[in-house]
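# Working through the structure, step by step
One letter stands for each residue in the lines below.
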Amino acid sequence: MPLQRLWAFGLVLSCFSASFAQADNVKYLPNAEGALAQYLSDIRSARSSIDITFYIWDPCSVVARVLVRELEKKKKENPSLPVRLLLDASLHSDKGRSEITATLAKRGIDVRFYNFTSDFRKNVRTHIKFINVDNDRVISGGRNIADDYFSLSPIMNWIDREARVEGASARKAGAAFQQLWNDRLTKRELRKASPAEIKASEETCLKADSKVLEVERHLNENMESILARSPTFRCPTVRVAVDNPDFMEAMPGSLDGGTEEFLSGERLAHKVATKEIMSVVSEAKHNLFFENYTYIPSAAIFRQLEKFRHKRLPITMITNDASDESQGIMHGPASYYQNRHNVGSQQ
């Protein structure tokens, strides 16, 4: 019997406890320590390529410095190994992008950025996040490269999840990365960082301070036991869902129609991840469990949830506690279901 059917971060997984000849190996990575250890382990095992893409990359964070130091060691070990980093352009200034480009180029890492435009109607970002090693092992999830995604921030930390897939499905993620890397909106930063800027960036953001060394020591001394905490499942069905960058060009004629019009027609046809989410939701037979940062269902998902309500299928939604500006988003769906025989709930 299936262990679970899961939509996870662009991966649709049907996993079993039995062994299958044609199946991918899947690890669930719910905690930050295990995820970072797996990042380093896969980087160290790379033979032919390392492709990395994230929405947020804080170059001065502890986790970014740990990763860059690991990538630098790998390049010294294998200078011909291609290492590519693709980031969204919106979260960095031209100065910041030029410093990231220059400092990582010194370490043999090729950097490009997606979508430099500031035009609102084409202000579409890439939230794709994964590390793909050798087109054979891919880690994808909700984490970005910043300390608050890895329990390293003294102020606030996010709870996030990731999954690691080893097998044929990783090649599909590799093809998606290649499509985004070669997209016409993906470019290198043209501004050149000055020698003074590069020096300052090296000293501020790339120097291994005591915290970086502490994290590295902990992971190196405990790598085997940390990795062993995440069991491996054999999954005969793994679907990789990555949005086609062509959705950028498929803008609606008017935004007055709201979400329903915005996510329709040609645009929706390119939103592969959205279609997969709808598939997983519509195929639920016994129960449905949502976990997300902010729960904002489209009209299509609301219609499907209404069908579940009539069937009296249990629905659970877990998200962040409501703040003043988000009460309408989170309390609305909660009261909708709780006021109808308490069929569904939001916690």
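Definitions and cut-offs
- Residues numbered from 1 in each chain as written.
- Predicted model: local features only at pLDDT ≥ 70, side-chain atom pairs only at ≥ 80, totals over all residues.
- Heavy atoms only, no water.
- Helix = DSSP H or I, 4+ residues; strand = E, 2+ residues; numbered from the N terminus.
- Buried < 20%, exposed > 50% of the residue type's maximum accessible area, 1.4 Å probe, protein only.
- Contact = heavy atoms within 4.5 Å.
- Areas by Shrake-Rupley, 256 points an atom, 1.4 Å probe, with all protein chains shown as cover.
- Polar contact = N/O pair within 3.5 Å; in protein donor to acceptor, adjacent residues only side chain to side chain.
- Disulfide = S-S within 2.5 Å.
- Axes fitted to C-alpha atoms, helices over the stretch in contact; angles between N-to-C directions.
- Parallel < 35°, antiparallel > 145°, perpendicular 65-115°, else oblique.
- Left-handed = near helix turned anticlockwise from the far one by under 90°.
- Salt bridge = Lys/Arg side-chain N within 4 Å of Asp/Glu carboxyl O.
- Nonpolar A, V, L, I, M, F, W, Y, C, P; charged D, E, K, R; others polar.
- Pairing = 2+ DSSP bridges.
- Phe/Tyr/Trp six-rings, centres within 6.5 Å; stacked < 30°, edge-to-face > 60°.
- Lys NZ or Arg CZ within 6 Å of the ring centre and 35° of its normal.
- Core = buried A, V, L, I, M, F, W, Y, C linked by side-chain atoms within 4.5 Å.
- Arc of directions from axis to C-beta.

What the protein contains, in helices and strands, is 11 helices and 14 strands. Split into buried and exposed, the 347 residues of the protein put 49% on the buried side. Of the contacts formed within the protein by residues at least 6 apart in sequence, a portion of 77% connects residues at least 24 apart. Carbon and sulfur atoms make up 52% of the accessible area of the protein, which amounts to about 17300 Å² in all.

Another point: the side chain of Glu162. One can find Glu162 in strand β9 (residues 162–166). At 2.6 Å, the side chain of Glu162 forms a polar contact with the side chain of Arg143.

Under the counting rule described, the total for this entry stands at 1 disulfide. Sulfur-sulfur distance for the disulfide between Cys60 and Cys205 comes to 1.7 Å. In this pair, Cys60 sits in the loop between β4 (50–54) and α2 (62–77) while Cys205 sits in helix α5 (residues 195–206), placing the two residues 145 residues apart along the sequence.

For the rest of this paragraph, the subject is the packing of helix α1 (residues 32–44) against α2. Close contact between α1 and α2 brings their axes to 10 Å; oriented N to C, the two are set at 15 degrees. Considering their axes alone, α1 and α2 lie roughly parallel with respect to each other. Between α1 and α2 the crossing geometry is right-handed. Residues Leu36, Tyr39, Leu40, Ile43 and Arg44 of α1 form the contact with α2, whose participating residues are Val63, Val66, Leu67, Glu70, Leu71 and Lys74.

Our focus in this paragraph is the pattern of salt bridges. The final tally for this structure, using the stated rule, is 22 salt bridges. One salt bridge connects Arg143 with Glu162, and the closest N-O pair in it is separated by 2.6 Å. Placement of the pair is Arg143 in the loop between β8 (137–141) and β9 and Glu162 in strand β9, with a sequence separation of 19 residues. This pair shows no difference in class: Arg143 is buried, exactly as Glu162 is.

A separate point is the side chain of Glu70. With respect to the helices, strands and loops of the structure, Glu70 is situated in helix α2. In this structure Glu70 touches Leu40, Ile43 and Arg44, once residues within four positions along its chain are discounted.

What follows is about the packing of α1 against helix α6 (residues 210–228). It is at 9 Å that the axes of α1 and α6 come closest, and there the two elements cross at 90 degrees. As far as their axial angle goes, α6 and α1 are roughly perpendicular. Residue-level contacts link Glu33, Gly34, Leu36, Ala37, Gln38, Leu40, Ser41 and Arg44 of α1 to Val215, His218, Leu219, Asn220, Met223, Ile226 and Leu227 of α6. Class assignment of the residues belonging to the contact of α1 with α6 gives a composition of 8 nonpolar, 5 polar and 2 charged.

With 4 bridges joining them, strand β3 (residues 24–29) and strand β11 (residues 232–240) adopt antiparallel strand pairing. Looking at the pairing, Lys27 lines up with Thr232 of β11. As paired elements, β3 and β9 share 5 bridges and run antiparallel to each other. Its bridge partner lying in β9, Val26 is registered against Val165.

Our focus in this paragraph is the pairing of β9. The element β9 is largely enclosed, with a buried count of 4 among its 5 residues. Strand direction decides the pairing type here: β8 and β9, joined by 5 bridges, are antiparallel. Each bridged residue has a counterpart across the sheet, and for Ser140 the counterpart in β9 is Ala163.

The final tally for this structure, using the stated rule, is 5 aromatic pairs. Between Phe113 and Phe116, the ring centres sit 6.3 Å apart and the planes meet at 70 degrees, which makes this aromatic pair edge-to-face. Here Phe113 falls in the buried class, since its relative accessible area comes to 0%. Ring pairing ties together the aromatic residues Phe130, Phe177 and Trp181, which thus form one cluster. Above the ring of Trp181, the side-chain terminus of Arg84 is found at 5.1 Å from the ring centroid. Sitting above the plane of the Phe150 ring, Arg143 keeps its charged end 6.0 Å from the centroid.

Before going further, it helps to examine the environment of Ser49. Locating Ser49 in the fold gives a position in the loop between α1 and β4. Linking Ser49 and Val133, residues 84 residues apart in sequence, is a C-alpha distance of 5.8 Å. If near-sequence neighbours (up to four positions away) are discounted, Ser49 is found in contact with Leu81, Pro82, Asn132, Val133, Asp134 and Asn135.

One finds Tyr39, Trp57, Ile145 and Phe150 to be the most contacted residues of the largest nonpolar core, which totals 44 residues. Listing elements by their share of this core, those giving two or more residues are α1, β4, α2, β5 (83–88), α3 (94–105), β6 (109–114), β7 (130–133) and α6. Filtering out sequence-adjacent residues up to four positions away, Ile145 remains in contact with Tyr39, Phe54, Ile56, Trp57, Asp58, Ser61, Val63, Ala64, Leu67 and Phe150. Residues Leu86, Cys235, Val240 and Val242 belong to the second largest nonpolar core, which totals 18 residues.

Turning our eyes to something else, we now look at α5. Note on helix geometry: an α-helix contains 3.6 residues per turn, so any two residues three or four positions apart are oriented the same way. Listing the buried residues of α5 in full gives Glu197, Ile198, Ser201, Glu202, Cys205 and Leu206. Along the axis of α5, the buried positions cluster into a sector of 135 degrees, meaning they face one direction only. In α5, the exposed positions that point more than 90 degrees away from the buried face belong to Pro195, Ala196, Lys199 and Thr204. Packed against the buried residues of α5 are α2 and α3.

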